Amino acid sequence: MISRVVITKFTRLCTGYNLLPHYSFKLRLNNSTYCLLPNCGGEYCNFQHLLINCPSLSIQRSQLKILFSTSDINFSVIDAPPTDKVNIIKDTLYFILQSGLQI
Ligand SMILES: [Zn+2]
């Protein structure tokens, strides 16, 4: 079972309609698209940036990769997690929430 809150937040991430800096800038809710996490400064802070590139989440990403591998998913070849596995959706959402950024 997966909660409505998890589905909503995950859908926001996957569609790009969320409160991460890349899209919230378009909504004029902040001043730039840049990543707000320490030691980063990535130009476009969106779901893909946090999932694949953001250096501030490297430790958490390593843990997520392990969780993906236990579900036989090759993390290195994806740009978005598969949506047919509930545990992957929850693990990915938890990974993003660890950033402290609003979704
Ligand atoms: Zn970043």
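That block above? That's the structure.
Since the structure is predicted, the reported quantities are computational estimates derived from the model, not experimental observations. (Residues numbered from 1 in each chain as written. Predicted model: local features only at pLDDT ≥ 70, side-chain atom pairs only at ≥ 80, totals over all residues.)

### Structural notes on the overall build of the chain
Helices and strands together make up the secondary structure of the chain, namely five helices and zero strands. Each helix (α) and strand (β) of the chain, taken in turn from the N terminus, gives the series α-α-α-α-α. Its C-alpha radius of gyration of 13 Å places the chain within 12% of the 13 Å reference for a compact globule of 103 residues. Once the C-alpha set of the chain is aligned to its principal axes, its extents read approximately 40 × 30 × 20 Å. Classification of the 103 residues of the chain by burial places 21% in the buried group. (Helix = DSSP H or I, 4+ residues; strand = E, 2+ residues; numbered from the N terminus. Rg over C-alpha atoms; globule rule 2.2 N^0.38 Å. Buried ≥ 20, exposed ≤ 12 C-beta atoms within 10 Å, placed from the backbone.)

### With respect to the packing of helix α1 (residues 4-15) against helix α5 (residues 86-97)
For any two helices packed against each other, the geometry comes down to the angle between their axes and how far apart the axes lie. Two elements in contact, α1 and α5, have axes whose closest approach is 10 Å; the angle formed by their N-to-C orientations is 70°. The angle between α1 and α5 falls in the class roughly perpendicular. Every residue of α5 that contacts α1 at V6, K9, F10 and L13 is listed here: I89, K90, L93 and I96. Grouping the amino acids of the contact of α1 with α5 by side-chain chemistry returns six nonpolar, no polar and two charged. (Axes fitted to C-alpha atoms, helices over the stretch in contact; angles between N-to-C directions. Parallel < 35°, antiparallel > 145°, perpendicular 65-115°, else oblique. Contact = placed C-beta atoms within 7 Å. Nonpolar A, V, L, I, M, F, W, Y, C, P; charged D, E, K, R; others polar.)

### Section: α1
With twelve residues, α1 extends 16 Å from end C-alpha to end C-alpha; this agrees with the ideal 16 Å at 1.5 Å per step. Phi for G16, located one or two positions after α1, is positive at around 90°. (Expected span 1.5 Å × (residues − 1).)

### A short note on unusual backbone geometry
With a phi angle near 60°, N39 is a residue other than glycine that sits in the positive phi range. One can find N39 in the loop between α2 (21-26) and α3 (47-53). Unusually for a residue other than glycine, D72 sits at a positive phi of about 60°. Structurally, D72 can be placed in the loop between α4 (58-70) and α5.

### Considerations on α4
Across its 13 residues, α4 extends 19 Å between first and last C-alpha, which sits within 8% of the 18 Å expected from 1.5 Å per residue. Backbone geometry just downstream of α4 places D72 in the positive-phi region, at approximately 60°.

### What about the environment of L29?
Positionally, L29 belongs in the loop between α2 and α3. With 11 C-beta atoms counted inside 10 Å, the residue L29 sits in the exposed group. C-alpha of L29 to C-alpha of K90: the two residues are 61 residues apart in sequence and 27 Å apart in space.

### Observations regarding the nonpolar core
Counting residues in hydrophobic clusters, the biggest one holds 14 residues, and the most contacted among them are F47 and L50. Elements with a minimum of two residues in this core: α1, α3 and α5. Apart from residues no more than four positions distant in its own chain, L50 is found in contact with L57, I96 and S99. (Core = buried A, V, L, I, M, F, W, Y, C linked by C-beta atoms within 7 Å.)

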